Protein chains: 2
Amino acid sequence: MAALGEQSEEQAMAAQPKPQNRRPISNIVIVVAMQTEALPIVNRFQLTEDPHSPFPRGVPWVRYQGTYKDLNISLVWPGKDPTLGVDSVGTISSALVTYAAIQALQPDLIINAGTAGGFKAKGASIGDVFIVSDCAFHDRRIPIPVFDLYGVGVRKTFEAPNLVKELNLKVGKLSTGDSLDMTQQDESSIIANDATVKDMEGAAIVYVSDLLKVPAMFVKAVTDIIDGDKPTAEEFLQNLAAVTAALDLAVEQVINFINGKCVSEL
Amino acid sequence: MAALGEQSEEQAMAAQPKPQNRRPISNIVIVVAMQTEALPIVNRFQLTEDPHSPFPRGVPWVRYQGTYKDLNISLVWPGKDPTLGVDSVGTISSALVTYAAIQALQPDLIINAGTAGGFKAKGASIGDVFIVSDCAFHDRRIPIPVFDLYGVGVRKTFEAPNLVKELNLKVGKLSTGDSLDMTQQDESSIIANDATVKDMEGAAIVYVSDLLKVPAMFVKAVTDIIDGDKPTAEEFLQNLAAVTAALDLAVEQVINFINGKCVSEL
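As the structure is a prediction and not an experimental result, all values here were calculated from the model. (Residues numbered from 1 in each chain as written. Chains lettered and ligands numbered in written order. Predicted model: local features only at pLDDT ≥ 70, side-chain atom pairs only at ≥ 80, totals over all residues. Heavy atoms only, no water.)

Helix and strand counts for chain A come out as eight helices and 10 strands. A globule of 266 residues ought to have a C-alpha radius of gyration of about 18 Å, and chain A, at 18 Å, matches this closely. Based on the C-alpha atoms only, the size of chain A along its principal axes is roughly 50 × 45 × 45 Å. When the 266 residues of chain A are sorted by exposure, 62% land in the buried category. A sequence separation of at least 24 residues applies to 74% of the contacts in chain A between residues at least 6 apart. Accessible surface, chain A as shown: approximately 10100 Å² in total, 51% of it carbon and sulfur. (Helix = DSSP H or I, 4+ residues; strand = E, 2+ residues; numbered from the N terminus. Rg over C-alpha atoms; globule rule 2.2 N^0.38 Å. Buried < 20%, exposed > 50% of the residue type's maximum accessible area, 1.4 Å probe, protein only. Contact = heavy atoms within 4.5 Å. Areas by Shrake-Rupley, 256 points an atom, 1.4 Å probe, with all protein chains shown as cover.)

Right, let's talk about the pattern of salt bridges for a bit. Opposite charge on two side chains lets them pair, provided their charged atoms get close. All names here are of chain A. Summed over all chains, the structure comprises 30 salt bridges over all chains. In this structure, R155 engages D210 in a salt bridge whose closest nitrogen and oxygen atoms are separated by 3.2 Å. Placement of the pair is R155 in strand β7 (residues 155-156) and D210 in helix α7 (residues 202-211), with a sequence separation of 55 residues. Here R155 falls in the buried class, since its relative accessible area comes to 13%. Judged by its relative accessible area of 36%, D210 is partly exposed. With a shortest N-O distance of 3.6 Å, K156 and E159 are connected by a salt bridge. Judged by its relative accessible area of 45%, K156 is partly exposed. One connected set of salt bridges, linked through shared partners, spans R44, D248 and E252. (Salt bridge = Lys/Arg side-chain N within 4 Å of Asp/Glu carboxyl O.)

The next point concerns the relation of the copies chain A and chain B. In this arrangement, two copies of a chain are superimposed by a rotation about an axis accompanied by a shift along the axis. The two copies are related by a screw motion: chain A maps onto chain B through a turn of 180° and a shift of 0.0 Å along the axis, at an RMSD of 0.0 Å. The operation mapping one copy onto its partner corresponds to a two-fold rotation axis. Within chain A, the C-alpha atom positioned nearest to the axis of rotation is that of I92 of chain A, 2.7 Å from it. An overlap of 100% is found between the interface residues of chain A and their copies at the interface of chain B, pointing to a shared contact surface. (Least-squares fit on C-alpha atoms with pLDDT ≥ 70 in both.)

The next subject is α7 of chain A. Residues and elements named next belong to chain A. Counting buried positions along α7 yields nine of 10 residues, so the element is predominantly enclosed. If you check which residues of α7 are buried, you get G202, A203, A204, I205, V206, Y207, V208, S209 and L211. Just beyond α7, the residue with positive phi is K213, at close to 60°.

Here we come to the UniProt feature "domain: Nucleoside phosphorylase" (unreviewed entry) in chain A. The UniProt record marks residues 28-255 of chain A with the feature "domain: Nucleoside phosphorylase" (unreviewed entry), using the residue numbering of this structure. Along residues 28-255 of chain A the backbone is 36% helical and 27% strand, and the end-to-end C-alpha distance reaches 9 Å. (UniProt positions renumbered as here; feature names shortened; annotations may be inferred.)

Moving on: the pairing of strand β10 (residues 216-225) of chain A. Residues and elements named next belong to chain A. Taken across its 10 residues, β10 has 10 buried, putting it largely inside the fold. With nine bridges joining them, strand β5 (residues 109-118) and β10 adopt parallel strand pairing. In the strand pairing of β10, A116 is matched with V222. As paired strands, strand β6 (residues 129-137) and β10 are joined by three bridges and run antiparallel to one another. Its bridge partner lying in β10, V129 is registered against A221. (Pairing = 2+ DSSP bridges.)

Residues and elements named next belong to chain A. The residue D248 is located in helix α8 (residues 232-258) in this model. Residue D248 is classed as buried on the basis of its relative accessible area of 6%. If we skip the residues at most four places from it in the chain, D248 touches P40, I41 and R44.

What follows concerns the nonpolar core. Membership of the largest hydrophobic core comes to 100 residues, with the highest contact counts inside it found for W61 and L96 of chain A together with W61 and L96 of chain B. Leave out the neighbours within four places in its chain, and W61 of chain A touches S53, F55, P56, W77, P78, G79, L96, V97 and A100 of chain A together with Y99 and L211 of chain B. (Core = buried A, V, L, I, M, F, W, Y, C linked by side-chain atoms within 4.5 Å.)

Pasting the structure below:
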């Protein structure tokens, strides 16, 4: 089949070092799901909303942009749901805005920054910031051979070993699903995914960036302890503002480390 | 906020009859998730694979195209997963390929044709073909006010009352999730969604076509009875080939009815 033939060619190309690996990173897209997570980062880097949106007319997606040191930084956010007025969270909106941003902005690197639930049994505490090593889904169960693996969709993220070491950041695996709560089946899958953090976007964003061959990093700050005593929604809302402050500080450290380096130096 | 402001303008525009409503439909995109579902339709309309894919390099998405009576027909299929070789089923791939196809091909109408599970308690039998009146998700639980509604994401599909009447088709509601199986929580949500059929793509496709203001119709053929005795995966695989034959016959009837008509006449 043509599609598979093409892919083999792509895979062969991926094995060669890419030209952009040898020049400093100049163009970063930060993907953020919620306005509360986005605005501290927008303010920290003095980004402004792009008056000429690169996105199609009618979509609520927003791009903020600016220059910081030697970097062009865009922050894209899927915006508020046109009908309901809440943040367009979850895998579908994030996948779409990541796809559209890569097509329009041709970034050297994607960074998904956001909040996450954490498992204390795996060493997570409120306010911890993790760099993600692997993403997978915990709510795509397809009990047919090979489709089962497709559903889980384990993917390595872009490894940034020098960055992790230099900034002394925690590293953990991420499990993604479209629900804020966690059923028994979700929990079993999350344990099978060996996840320390749980979110609603990550595995979808790395799926898209993998398809389009753009490296993607994940910076996740813990708002709630899933295997703790408090109800997730309540704990999430209570800690959201304070934890986004920790998140945007971590994003600044990551961006400062990236500045002037090429992808292979991270 | 700018994004909401823009949307209000869009909504105001949507209230006016669109110019394309008054001219005959000329450009249709059929979105299909699996190759087994796609090929009978490709053969029936003698579509051929587009040698100049409208999609970015590296993605496995495939477009078949052709002319049938007065219609330009494209069938888009998210292709085989580049790593695992199985059909790229589920909400994320379907949302992405629908988005990319609308951007590239500017269709007058989207038709999502595919197989589905059916509930016998709601009148579904193996081989039945349904036109969908409403789509919603059953695996996006976000127990925070308003976010809960966003998660369920109920949307009316494009109503084609004349088509339904003329072709004497069954009409039912569709519930979408990324798993082939059904947990207790899924079942409760599906009941709350009042669904007769269950699939893995529909609500994502109508989400995208709503954002981009393209009418979307759904033709779903029942491969398995969810509230029956047989395991879903087994029954699905057993009936897949036979039911896709019923599906492509229904798609032909739908296309024949659409030919020469404008959107408002359907």
